[in-house]
Every structure is written in C-alpha cells, then in structure tokens.
Amino acid sequence: MSLKSALLKPDMHVEKRTLFGAEVNLIRLTVGQLDHYDREVRAAIEAGDFGRVSVAGANLILSAICDENGKPLKASDLPTAKQLIDAHSNAAFLTAMKTLQQYCYGTVEDAKKN
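The structure contained in this document is the topic of the report that follows.

Cut-offs applied
- By convention here, each chain's residues receive numbers from 1 onward along its written sequence.
- Only residues with pLDDT of at least 70 are given local features in this predicted model, and only at 80 or more are side-chain atom pairs given and counted; all residues enter the totals for whole chains, interfaces and linings.
- Each side-chain value is derived from all of the structure's non-hydrogen atoms; neither hydrogens nor water enter the calculation.
- A run of H or I in DSSP becomes a helix once it reaches four residues, and a run of E becomes a strand once it reaches two; helices and strands are each numbered from the N terminus.
- Throughout this description, buried means an accessible area under 20% of the type-specific maximum (1.4 Å probe, protein chains only), exposed means over 50%, and partly exposed covers the range between.
- By definition in these notes, contact holds between two residues if any of their heavy atoms fall within 4.5 Å.
- Only one rule defines a salt bridge in this text: a Lys or Arg side-chain nitrogen within 4 Å of an Asp or Glu carboxyl oxygen.

Let's talk about the overall build of the protein
Next up, step 1: From N to C terminus, the protein includes six helices and three strands.
Next up, step 2: Traced from its N-terminal end to its C-terminal end, the protein shows the element sequence α-β-β-α-α-β-α-α-α.
Next up, step 3: Overall size of the protein, expressed as C-alpha extent along the three principal axes, is 45 × 30 × 30 Å.
Next up, step 4: Out of the 114 residues belonging to the protein, those deemed buried represent 26%.
Next up, step 5: Here the contacts in the protein between residues at least 6 apart in sequence split such that 60% fall between residues at least 24 apart.

Spelled out as structure tokens, the structure:
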C-alpha cells in the first residue's frame, strides 16, 4: 500500500449509541462531512431559514447511522430528515445531536485511550 493510500484510508470506527430511544450503529463522520454541515447551517442562519438548520442536523444524524461494518443503510430503512424532525421534540433532537457530535468530535480523554 502506498503512503498516499495509507493516509487516505477511511476511519471505520463504529460504535453502538442510543439516538431517539433506538440503539443504532454510528460511524465517525469525516472532517469534510462536518465542515459541509457547518457551512449549511451558517448559510441557513444567514438566510433566516431556521427550518433548514433542523433539516441539516437531521441529515447529519442520518448520514452517521450505519450497519455494524460501517456501511450506510439503505434510504428505505431510515426515515427522511423531515420525518425525523416531525417525530421528535426539540429536546430529543438536541440530545441526539449532542450524542453524535461528542462521538464524532471526540474528547481529549478519548484520544488518549486510542
């Protein structure tokens, strides 16, 4: 394997977490995916479209849900972002986002364990 290939090999770290009362497998999102989410949120806020912020968050959550091998689930096996937003309270949604962000961003303590 070349150095370039080794450096570009994705992190396939998968963990079970509870989101919205359901146990799911989550994969850590890439810096690019998280950056894309941040740009979407910033643009939505600047446009005054706060509903778009919720949709971006729901899509971020859905994009992290995977099978036990880190492979994305079929869209037909997941709700849409709108369905997710319509089904849950703001508190439940924020808790799910916090769980995902803590897992994806990690902590200093997590980094020391690895």
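Quick look at the pattern of salt bridges
Next up, step 1: Scanning all chains against the criterion turns up three salt bridges.
Next up, step 2: A salt bridge links R17 to E15, with the shortest nitrogen-to-oxygen separation between them at 2.7 Å.
Next up, step 3: The partly exposed category is assigned to E15, whose relative accessible area is 26%.
Next up, step 4: For the salt bridge of R39 with D35, the shortest nitrogen-to-oxygen distance reads 2.2 Å. Taken together, the residues span about one helical turn, with R39 and D35 both in helix α2 (residues 31–46) at a distance of four residues.
Next up, step 5: You can call R39 partly exposed: its relative accessible area is 42%.
Next up, step 6: What makes D35 partly exposed here is its relative accessible area of 35%.

Scope: geometric values only; no functional claims are made or implied.
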